[in-house]
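So you can see what is in the structure, the chains are spelled out below.
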Amino acid sequence: MSLSPVTLFFMNFAPKPSRKHKAHDWMDYLRESDGLGGILAKTEDLAKLKTVINSSLTKLELGHLSSKIEAGWRSGSEDELFLLVNSASIATRLQQILPSLINELSKSGLLCKAIKVRVKPAPPAWEVKPRLDAQRERPKGLNEVAKKSWESLLEKLGPDSGLRSSIEKLLKNKPK
């Protein structure tokens, strides 16, 4: 049995996938994926941590501070909590209640031996804006000081100097 060259050509390609397969739910994809599954798990853990901290702060009558706190575990340590806050006054208030907060967190089932509170650096007060070409004014020529400096150099050069002819062209083409 001999096959035609066209048949041989098409036999080298993988078969087309069936259209009967349906798309996975995006959450299934995140859970199944090796790389993204870990990110999803950490995100879910941080959301649970935020909920536990919120309930503990509410029990200590400081629930209003919950939205101003970013929480996470200190890298390399699963028993040291790290709280990042916007202002020094919130940091000071949290420092005052740390023993009570650690106690409330342990009652909620969160094992925590220590809490570090840090103030988040403030964003810069200045803003970098791109320079628009329309706003940028191009120089129209040499200013007086630059022109005198070039003329002074021109007087010191010999008549057959290549640099002399270049400076003469510069002075001729860049009027004030």
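Right, let's walk through the structure included here.

## Considering the environment of aspartate 79
Thinking step 1. In this fold, aspartate 79 is placed in the loop between β1 (69-73) and β2 (80-85).
Thinking step 2. When the C-alpha positions of aspartate 79 and leucine 110 are compared, they lie 8.9 Å apart, and in sequence the two are 31 residues distant.

## Details of the sheet that holds strand β3 (residues 114-119)
Thinking step 1. An order of β1-β2-β3 is seen for the three strands of this open sheet, with the pairing classed as mixed. Across the chains shown, the open sheet's two edge strands, defined by having one partner strand only, are β1 and β3. Adjacent strand axes in the sheet meet at a mean angle of 20°, parallel and antiparallel pairs treated alike.
Thinking step 2. Across six bridges, β2 lies against β3 in parallel orientation. Opposite leucine 81, over in β3, you have isoleucine 115 as the bridge partner.
Thinking step 3. Packed onto the sheet, helix α4 (residues 88-96) meets β1, β2 and β3 and runs at close to 165° relative to β3.
Thinking step 4. Its contacts with the sheet put helix α5 (residues 98-107) on β2 and β3, and the angle it makes with β3 is roughly 125°.

## Thoughts on the nonpolar core
Thinking step 1. One finds Leu57, Leu81, Leu83, Leu94, Ile115 and Val117 to be the most contacted residues of the largest nonpolar core, which totals 20 residues.
Thinking step 2. Of all the elements in the fold, those that place two or more residues in this core are α3 (34-59), β2, α4, α5 and β3.
Thinking step 3. Apart from the residues within four sequence positions on either side, isoleucine 115 is in contact with Leu81, Leu83, Leu98, Leu101, Ile102 and Leu105.
Thinking step 4. Counting five residues, the second-largest nonpolar core is a separate cluster that includes Leu142, Leu157, Ile167 and Leu171.

Analysis parameters
- Residues numbered from 1 in each chain as written.
- Predicted model: local features only at pLDDT ≥ 70, side-chain atom pairs only at ≥ 80, totals over all residues.
- Heavy atoms only, no water.
- Helix = DSSP H or I, 4+ residues; strand = E, 2+ residues; numbered from the N terminus.
- Pairing = 2+ DSSP bridges.
- Axes fitted to C-alpha atoms, helices over the stretch in contact; angles between N-to-C directions.
- Contact = heavy atoms within 4.5 Å.
- Core = buried A, V, L, I, M, F, W, Y, C linked by side-chain atoms within 4.5 Å.
- Buried < 20%, exposed > 50% of the residue type's maximum accessible area, 1.4 Å probe, protein only.

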